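A look at the structure
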Amino acid sequence: MEKGFLEEYQEYIRKTGDRKALYKAVAKEYGVQKAIYPGSFIDISPSLVIPEVTYIDNFKGAIRFFKQMDGIQDYIEQHKEYPEACKISFIGQDYTEPLEIGQVDLIISQYAGFVGQETKQYLKPGGILLCNDSHGDATLARFDDDFELIGIVSDNDNIERDNLEEYFKLPKEKPVDFALVKEKMKGLKYSVAAENYLFRKKP
Ligand SMILES: C[S@@+](CC[C@H](N)C(=O)[O-])C[C@H]1O[C@@H](n2cnc3c(N)ncnc32)[C@H](O)[C@@H]1O
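Note that the structure is a prediction, hence the values are computed from the model and not measured.

The subject of this paragraph is the overall build of the chain. A tally of helices and strands in the chain yields eight helices and eight strands. The globule rule puts the C-alpha radius of gyration for 203 residues at 17 Å, and the 17 Å found for the chain is close to it. A principal-axis box enclosing the C-alpha atoms of the chain has dimensions of 55 × 35 × 30 Å. Evaluated residue by residue, the chain yields a buried proportion of 50% over its 203 residues. Of the contacts made within the chain by residues no fewer than 6 positions apart, 62% connect residues no fewer than 24 positions apart. For the chain, the accessible surface area stands at approximately 10600 Å², while carbon and sulfur atoms represent 48% of it. Seen as two clouds, the 27 positive and the 35 negative side-chain charges of the chain have centres 2 Å apart.

And the structure:
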């Protein structure tokens, strides 16, 4: 028998960990109302703390999951932590292809390739990119003139703004090899690193 979306989602967060506290900390700090999550798979936790989220993924498992949108909407309505009605949408396509969406306050990038680079045109000026460096997305944002590093999120979901210049430095001051990061789609082992990084899109 096919699993319902809730069972699948709960199994997913049991395996990967629930990132609701991370999304909540970021949404609260920057007053996020509208976000996109390219490469979301079935991580619908952002909708518990952000009123309008568009999930984008071209994997058939994600497409199948989001076909149960009525159940997902009901579940979020019952568990959301904001007063507005929730708006959830899903686009089952490659996020590097043009997307029919407006500008948003936040882009979420978690273990899904170069999301920040590929979708930054949908981020409003002053908007936030939340990303990790698992696939090198944070490295590319750090050295991208369109973005400014404004904070990190620690393992216990605290946003920190101090000593940001210490991040993205390699031992022995070795230069960052962007070609390698792009080819391998993998972040680098910096001397000081954080679980997640916050970048602001420059106006
Ligand atoms: C490793 S999973 C991470 C899922 C989720 N973000 C998480 O942190 O658990 C990567 C997801 O990104 C999706 N993905 C990768 N590249 C993509 C692309 N170009 N367009 C759409 N989805 C993509 C994959 O289909 C997969 O579901």
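After that view of the structure, there is still more to cover.
Another aspect to go through is the sheet that holds strand S5 (residues 123–131). Backbone hydrogen bonds are what pair the strands of a sheet, in a parallel or an antiparallel way. Pairing within the open sheet is mixed, and its eight strands lie in the order S3-S2-S1-S4-S5-S8-S6-S7. Across the chains shown, the open sheet's two edge strands, defined by having one partner strand only, are strand S3 (87–91) and strand S7 (159–160).

Of all residues adjacent to the ligand, which total 15 residues, the nearest are Tyr12, Arg19, Gly39, Asp57 and Gln110. Between Tyr95 and the ligand, the recorded distance is 2.9 Å, taken from a backbone N or O atom to a nitrogen atom. When the ligand sits alone it has 600 Å² of accessible area, and the protein chains cover 75% of it. Partitioning the shell around the ligand into residue classes produces seven nonpolar, five polar and three charged.

Applying the stated criterion to the full structure yields eleven salt bridges. Of the charged contacts, one joins Glu11 and Lys15 as a salt bridge, the two residues approaching to 3.4 Å between their closest N and O atoms. Placement of both Glu11 and Lys15 in helix H1 (residues 5–16) is noted, with a separation of four residues, approximately one turn of the helix. For Glu11, a relative accessible area of 23% translates into the label partly exposed. When the shortest N-O distance is used, the salt bridge between Lys124 and Asp105 registers 2.7 Å. Of this pair, Lys124 sits in strand S5 while Asp105 sits in strand S4 (residues 104–109), placing them 19 residues apart in sequence. Judged by relative accessible area, which is 14%, Asp105 ranks as buried. Shared partners join several salt bridges into a network, and the residues in it are Lys20, Lys24 and Glu81.

This next bit is on the nonpolar core. Formed by 37 residues in total, the largest nonpolar core has its most connected members in Val26, Ile72, Ile76, Leu106, Leu130 and Leu198. For this core, the leading source of residues is helix H2 (residues 20–30), giving six residues. Once residues within four sequence positions are removed from consideration, Leu106 is found in contact with Val26, Val32, Lys34, Ala35, Ile36, Ile50, Leu123, Ile128 and Leu130. Ranked by size, the runner-up nonpolar core spans 27 residues in total, among them Ile107, Phe168, Leu170 and Phe199.

The subject of this paragraph is the packing of aromatic side chains. Under the criterion given, the structure shown has 16 aromatic pairs. Plain terms: the ring middles of Tyr12 and Phe41 are 5.8 Å apart, the flat faces sit at 75 degrees to each other, and that makes the pair edge-to-face. Of this pair, Tyr12 sits in helix H1 while Phe41 sits in the loop between strand S1 (34–38) and helix H3 (46–49), and the two are 29 residues apart along the sequence. A residue is classified by how much of its surface remains accessible, and Tyr12, at 12% relative accessible area, is buried. Ring geometry for Tyr23 versus Tyr37: centroids 6.2 Å apart, planes at 65 degrees, classification edge-to-face. Of this pair, Tyr23 sits in helix H2 while Tyr37 is found in strand S1, placing the two residues 14 residues apart along the sequence. Accessibility classification places Tyr23 together with Tyr37 in one group, the buried group. Put simply, the rings of Phe5, Tyr9, Tyr23, Tyr37, Tyr55, Phe65, Phe66, Tyr75 and Phe90 touch in pairs and so form one group of aromatic residues. The ring of Phe143 has Arg142 lying over it, and the distance from NZ or CZ to the ring centre is 5.1 Å.

Here is what the cut-offs are and how they apply
Residues numbered from 1 in each chain as written. Predicted model: local features only at pLDDT ≥ 70, side-chain atom pairs only at ≥ 80, totals over all residues. Heavy atoms only, no water. Helix = DSSP H or I, 4+ residues; strand = E, 2+ residues; numbered from the N terminus. Rg over C-alpha atoms; globule rule 2.2 N^0.38 Å. Buried < 20%, exposed > 50% of the residue type's maximum accessible area, 1.4 Å probe, protein only. Contact = heavy atoms within 4.5 Å. Areas by Shrake-Rupley, 256 points an atom, 1.4 Å probe, with all protein chains shown as cover. Lys, Arg positive; Asp, Glu negative; His and termini not counted. Charge placed at Lys NZ, Arg CZ, Asp CG, Glu CD. Pairing = 2+ DSSP bridges. Near = heavy atom within 4 Å. Polar contact = N/O pair within 3.5 Å; in protein donor to acceptor, adjacent residues only side chain to side chain. Nonpolar A, V, L, I, M, F, W, Y, C, P; charged D, E, K, R; others polar. Salt bridge = Lys/Arg side-chain N within 4 Å of Asp/Glu carboxyl O. Core = buried A, V, L, I, M, F, W, Y, C linked by side-chain atoms within 4.5 Å. Phe/Tyr/Trp six-rings, centres within 6.5 Å; stacked < 30°, edge-to-face > 60°. Lys NZ or Arg CZ within 6 Å of the ring centre and 35° of its normal.

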